[in-house]
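Reading the structure
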Amino acid sequence: MSPPPRCAISLPLAPTNATATSTGSGGGGGKKAQPHPTAAQVRRLCKQGQLDRARLLLLDALPRPPPTLLCNAVLIAYVARALPDQALRLYALLNHAARPAPRSDHYTYSCALTACARARHLRLGKSVHAHLLRRARALPDTAVLRNSLLNLYASCARRRGVDVVRRLFDAMPKRNAVSWNTLFGWYVRTGRPQEALELFVRMMEDGVRPTPVSFVNVFPAAASDDPSWSFALYGLLLKHGVEYVNDLFVVSSVIAMFSELRDVQSAWRVFEHAAKKNTEVWNTMITGYVQNGKFSEAMDLFIRLLGSKEVPLDVVTFLSALTAASQSQDGRLGQQLHGYLIKGMHGTLPVILGNALVVMYSRCGNVQTAFELFDRLPEKDVVSWNTMVTAFVQNDFDLEGLLLVYQMQKSGFAADSVTLTAVLSAASNTGDLQIGKQAHGYLIRHGIEDEGLESYLIDMYAKSGRIEIAQRVFDGYVIRDEVTRNAMIAGYTQSGQPEQAILAFRAMLEAGLEPTSVTLASVLPACDPLGGGICAGKQIHCFAVRRCLDSNVFVGTALVDMYSKCGEISTAGYVFASMTEKSTVSYTTMISGLGQHGFGERAVSLFYSMQEKGLKPDAVTFLAVISACNYSGLVDEGLALYRSMETCGVAPTPQHHCAVVDLLAKAGRVDEAYEFVEGLGEEGNFVSIWGSLLASCKAQSKQELANLVTERLLRVEKKYGHAGYRVLLSHIFAAESNWSSADSLRKEMRLRKVAGSSWIKVQDAALQNYPKNDHVYSMLHGVDYGRDEII
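Computed from a predicted structure; not experimentally measured.

A closer look at the UniProt feature "repeat: PPR" (unreviewed entry) in the protein chain
Here, UniProt's "repeat: PPR" (unreviewed entry) annotation points to residues 176-210, 278-312, 381-415, 481-515, 583-617 and 618-652. In this annotation, residues 278-312 is assigned 74% helix and 0% strand; the end-to-end C-alpha distance for the span is 8 Å. Taken as a whole, residues 583-617 contains 74% helix and 0% strand, while its terminal C-alpha atoms sit 10 Å from one another.

Observations regarding empty space enclosed by the protein
The gaps left among the atoms become clear once a water-sized probe is rolled over them. Here the structure, examined in full by the defined rule, presents one cavity of 30 Å³ or more. In this structure, the largest cavity spans a volume of roughly 50 Å³. Taken together, Thr68, Cys71, Leu75, Tyr91, Leu94, Asn95, Pro102, Arg103, Ser104 and Thr108 form the lining of the largest cavity. Elements with a minimum of two residues in the lining of the largest cavity: α3 (68-80) and α4 (84-96). Here the residues of the lining of the largest cavity are counted per class, giving five nonpolar, four polar and one charged.

Examining the packing of helix α12 (residues 228-239) against helix α14 (residues 248-260)
At a minimum axis separation of 11 Å, α12 and α14 run at an interaxial angle of 160°. As the angle between them shows, α12 and α14 are arranged roughly antiparallel. Crossing geometry of α12 relative to α14 is assigned as left-handed. When α12 is examined against α14, the residues Ser230, Phe231, Tyr234 and Leu237 are found in contact with a partner set consisting of Val250, Val254, Met257 and Phe258. Its residues assigned to classes, the contact of α12 with α14 shows seven nonpolar, one polar and no charged.

Brief notes about the packing of aromatic side chains
Throughout the structure, instances matching the rule amount to 23 aromatic pairs. The interplanar angle of 70° and the centroid separation of 5.8 Å between the aromatic rings of Phe302 and Phe318 together place this pair among those described as edge-to-face. In this pair, Phe302 sits in helix α17 (residues 295-307) while Phe318 sits in helix α18 (residues 315-327), placing the two residues 16 residues apart along the sequence. The class for Phe302 is buried, based on a relative accessible area of 2%. Site record: aromatic cluster; members linked through ring pairs are Phe169, Trp180, Phe184, Phe200, Phe215, Phe219 and Tyr244. For the cation-ring pair, Arg175 lies above Phe169, with the distance from its terminal atom to the ring centre recorded as 4.5 Å. The ring of Phe374 has Lys380 lying over it, and the distance from NZ or CZ to the ring centre is 5.2 Å.

Scoring rules and cut-offs
Residues numbered from 1 in each chain as written. Predicted model: local features only at pLDDT ≥ 70, side-chain atom pairs only at ≥ 80, totals over all residues. Heavy atoms only, no water. UniProt positions renumbered as here; feature names shortened; annotations may be inferred. Helix = DSSP H or I, 4+ residues; strand = E, 2+ residues; numbered from the N terminus. 1 Å grid on protein atoms, 1.4 Å probe; cavity = no way out; pocket = protein on both sides within 12 Å on 5 of 7 lines; lining within 4 Å. Points joined across faces, edges and corners; volume = space filled by probe spheres on them. Nonpolar A, V, L, I, M, F, W, Y, C, P; charged D, E, K, R; others polar. Axes fitted to C-alpha atoms, helices over the stretch in contact; angles between N-to-C directions. Parallel < 35°, antiparallel > 145°, perpendicular 65-115°, else oblique. Left-handed = near helix turned anticlockwise from the far one by under 90°. Contact = heavy atoms within 4.5 Å. Phe/Tyr/Trp six-rings, centres within 6.5 Å; stacked < 30°, edge-to-face > 60°. Buried < 20%, exposed > 50% of the residue type's maximum accessible area, 1.4 Å probe, protein only. Lys NZ or Arg CZ within 6 Å of the ring centre and 35° of its normal.

Here it is, written out as structure tokens:
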């Protein structure tokens, strides 16, 4: 009978009793093996952590085959010190280099399976499993061996088809707490929290006492499922005594669970009452504050830890602090953290902290500093490059981001899904279809698949004016989730196809998908008077109320905008007043709506109320409120608002200058408007500003001033080329009977009007009952759609 085949890899969880017997051949015999002098040395070296020397003694100095017990001891030492690859390498040497090879026992196989699990070597683990099945009668069926086998598949296997982990668990004749703990962790990792909680209850019913690890494994399930589970599990933990409550891993898990449930107060109470706190416990509490937007509390706790001499800070601590500074956009705090890191680490930062600093500076609006820091990083990984590329794109430096992607590839880093997401965003922002197509082709060639990429593709094609390609991309996906449908709805809205956006929204409902706040914020802009209409907008509003989505700041802002554009400014005001959370965009939308409906004083009052609430107006807000003053003739108020822009840290743009010119001109103060533009100097050299002033001069018959403005406008227009204002100039010359100048301008322009169409939306019934509809249709069919020229 041929000997059993050797396994490529195997490791044990062997007993540590130094007086245990072992056979020289590994095969049996009734005599006790006499301890070899080198065996004691191997055990001593393992305890001291000198594993390489122990391995050399095992392979070179001991007799052949080396004792199984000593082999297990060295293998276990490698696994215990988180060196699974070295353990697997040693097992391979023992089985292939040693002649004859030591005979593996159930501890050896258990250790081999543990090493495969920790190194994520599923294929090697399967070979060990196969060897076990062939030697099933020769090995004892122990809980240690079965738990190691269960742990291998729970650590490495993916949930596809048959649940191999559950099958192994159900086949176990006897299960202990370790078996149950492994299964809890497997269900949580595979996104099945309810099953994990049910199994925990079943374990208790079977009389198996949970260990601290049981609670550590099941707490994440409570954070993902019904919140009531969290207090039930924590109460059960308290009943098991001080040993459980003071376990540091358990404390960290409880804090993380309450933080995930947004119950920061409970997390803080657990943290404060903990008998001991190590670095991990502090980090978990700081991270919990950051996750829940409590940035000042996170920094207070960080500073408190910084002043403590008992607990050391690690990389995770500084990552959490930098994230707090980044999310709160506190650049000054971020700079202080940067300085502390440079001093504490003597100028050499780990890559992960360098990446976090780049994110912090970019989110605080200091992209230049972020890039300088990125450029000086001594070591860069793909995350570093992706972080800087994303920072450029998110701060509207799309061209710089694309150039950095090119440099990234030249430096030997391949673009991944994160890189392509940034490239597609840049292509969307710039409307560059060619860049977008290249990114799409790269995705296909390299087989890059990632959740959410399809929505970026749809958005890119829609913003590039190719909504039909976006539709083909959407149709090409078998599974169309909420994200892709939201992108398609937004694409139709942005492309000026509101009816299609409404239809896509209805199709989403018919598919049984639940619209989110993003969905409603995307479809509401389609409900304007020329799109879906106020009726569709009110229906969506009712839907938002039923789903409790009307309190969302983005949905509320979209509702205010929709009602304002549809002429129901009072309803828009009611929605705005009922919003529990308001952003700068919310106030800007309401101010703009009030201004367009002639409520200039209310718009100005709302602007000052916004500042009293602590919200900082931006350039768009100032443009909206100055335009509101323009509509209502509030000249002095508009000028005062314009002059206050620099105080608020907002630089005026040509749009603001143009609004001020309109404000003065409509009030009959054209001369003052001219002096205002002259005072701008180079900042006033924009066609829109001088063109607006020229139109005002014509409206108020200020001919002499119009001549001065005309001369200036022609000089500016010669550089920028805006033929539309030349039409206005030709009309002014014609009004003066200056036919030669008017004729020369028209001949110089040689404009051609592009044939187009205008649409009037009418009810079908009204059109059918219209008494002269036959005459209308005959006129429409008789229209000549040839070219129409203006000479």
